[in-house]
Structure formats: C-alpha cells, structure tokens
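# Architecture and fold: a report
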Amino acid sequence: MAMMPNPESPPPDGLPTSPSTPPAAAATSSSSSPSRSLSRYESQKRRDWNTFGQYLRNHRPPLSLGRCSGAHVLEFLRYLDQFGKTKVHTPLCPFFGQPNPPSPCPCPLRQAWGSLDALIGRLRAAFEENGGKPEANPFGARAVRLYLREIREMQAKARGVSYEKKKRKKPPQVPQPQPRPPHTLSPSPATGAAT
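Keep in mind that what you see is a predicted model, and the values were worked out from it rather than measured.

Here the focus is helix α5 (residues 142-159). In this model α5 runs 26 Å from its N-terminal to its C-terminal C-alpha over 18 residues, within 8% of the 26 Å that 1.5 Å per residue would give. For α5, the set of buried residues is Val-144, Tyr-147, Leu-148, Ile-151, Gln-155, Ala-156 and Ala-158. Taken together, the buried residues of α5 touch α3 (70-80), β2 (109-110) and α4 (113-129).

What follows is the structure, encoded as structure tokens:
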C-alpha cells in the first residue's frame, strides 16, 4: 500500500478529511436536500463513506469500489491507526494490562476497537445503500471480522479492560398473585371416623 501522506491534522472524530476538497465545497456537496437534516448516524456514515472513497482514490494504483476486497478494508483500518487517540500498551511496557497507568509511557496511540467496530458497521450499511450487493460487501468479509476480534482481544489485554457483551436489561416483572387452589375440606385425623 502506498498512501499519499496528509500533512493536515485529522478532524475531531479521528478520521482524515479529503485534502483536495475545500471545507465549504464538502459541506455543500454532502447535503442532498437542504430542508431535511440528517441524523447524527447518517451524517457520520456519509463522512465515513466519503473518507473511504478518498482512500480508494489515493490508493496506488487507484482502486474502484468494485475491485475493493476485505484486504483493502484491512489496509484502510491499519491506515486509520495513525489518527488514533487510544493508548495501547505493548507487552514490554510496565503498564501493560493496567487500565489507568500512573505515568506516561511511549506506547503508541491507536484507533480504539469500539470505534473501528462502529466504523465497519456504518461502512457496511453505506456500501449496500450505494448499490453494493450484500454478498459482495468487503466490509462484511471474514478477514475483517477476524481482524476486529483480534484487535478487541489485544486491546483488552493491553489496557486491562474487558469487552464483554452487554446483557439486555429485561423490564422488571411485577410478581402477579398466584391463584389459590380451592380450599377443600378433608377429614382431619383427630376428627376422622372410627374404624
């Protein structure tokens, strides 16, 4: 992979912007209808999709979306690591496995697993919304899923944080009174009939 370096700093969401598109032009070209405002999710999905498109155009040689594979998606995720803000300790670091280290260390900053997982989810949806077939979706490739699992496990060990699935909270159930069985009279041993 030969990427053109971007000397500009990344935007607050951690993803690089297109160096060739001025901000004013990007703002006007990204809104399809001025009367309808997009949700935060839809806006982020559009930004992510545009960023991935820019990545494909800057790729050497340039790549079309139709020729993009899971391997290219992995390349893109590794490229994004340089814009990460999450400290991931190396196994040799004295703070490896500690969630809150007491002092700074030279370990690299990476994209957090949760950010990458959410990004892949948005790009997977955007791919299909832009005419891609679900069975040909490079963001759903097995290699991408395995990579995300590997990143999650590595970051959990390095940062001492467990990423366990959140259990759904069930609505509290109000105990309903049980119907009482009908009360039947049975002869007690003291008042029973003589034999």
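A word on a positive patch on the surface. Together, Arg-124, Arg-142, Arg-145 and Arg-149 give the surface a local cluster of positive charge. The element contributing the most residues to the positive patch is α5, with 3 residues. Here Arg-149 shows up in helix α5.

Viewed as axis vectors pointing N to C, α3 and α4 meet at an angle of 140°, and their least axial separation amounts to 12 Å. Viewed along their axes, α3 and α4 adopt a mutual orientation that is oblique. Relative to α4, the crossing made by α3 is right-handed. Contacts between α3 and α4 involve Val-73, Phe-76, Leu-77 and Leu-80 on the former and, on the latter, Leu-116, Leu-119, Ile-120 and Leu-123. Its residues assigned to classes, the contact of α3 with α4 comprises 8 nonpolar, no polar and no charged.

Thresholds applied
Residues numbered from 1 in each chain as written. Predicted model: local features only at pLDDT ≥ 70, side-chain atom pairs only at ≥ 80, totals over all residues. Heavy atoms only, no water. Helix = DSSP H or I, 4+ residues; strand = E, 2+ residues; numbered from the N terminus. Expected span 1.5 Å × (residues − 1). Buried < 20%, exposed > 50% of the residue type's maximum accessible area, 1.4 Å probe, protein only. Contact = heavy atoms within 4.5 Å. Patch = residues over 30% accessible without salt bridge, like charges linked within 9 Å, V, L, I, M, F, W, Y side chains within 5 Å. Areas by Shrake-Rupley, 256 points an atom, 1.4 Å probe, with all protein chains shown as cover. Salt bridge = Lys/Arg side-chain N within 4 Å of Asp/Glu carboxyl O. Lys, Arg positive; Asp, Glu negative; His and termini not counted. Charge placed at Lys NZ, Arg CZ, Asp CG, Glu CD. Axes fitted to C-alpha atoms, helices over the stretch in contact; angles between N-to-C directions. Parallel < 35°, antiparallel > 145°, perpendicular 65-115°, else oblique. Left-handed = near helix turned anticlockwise from the far one by under 90°. Nonpolar A, V, L, I, M, F, W, Y, C, P; charged D, E, K, R; others polar.

Function-wise, these values are silent; they only describe arrangement.
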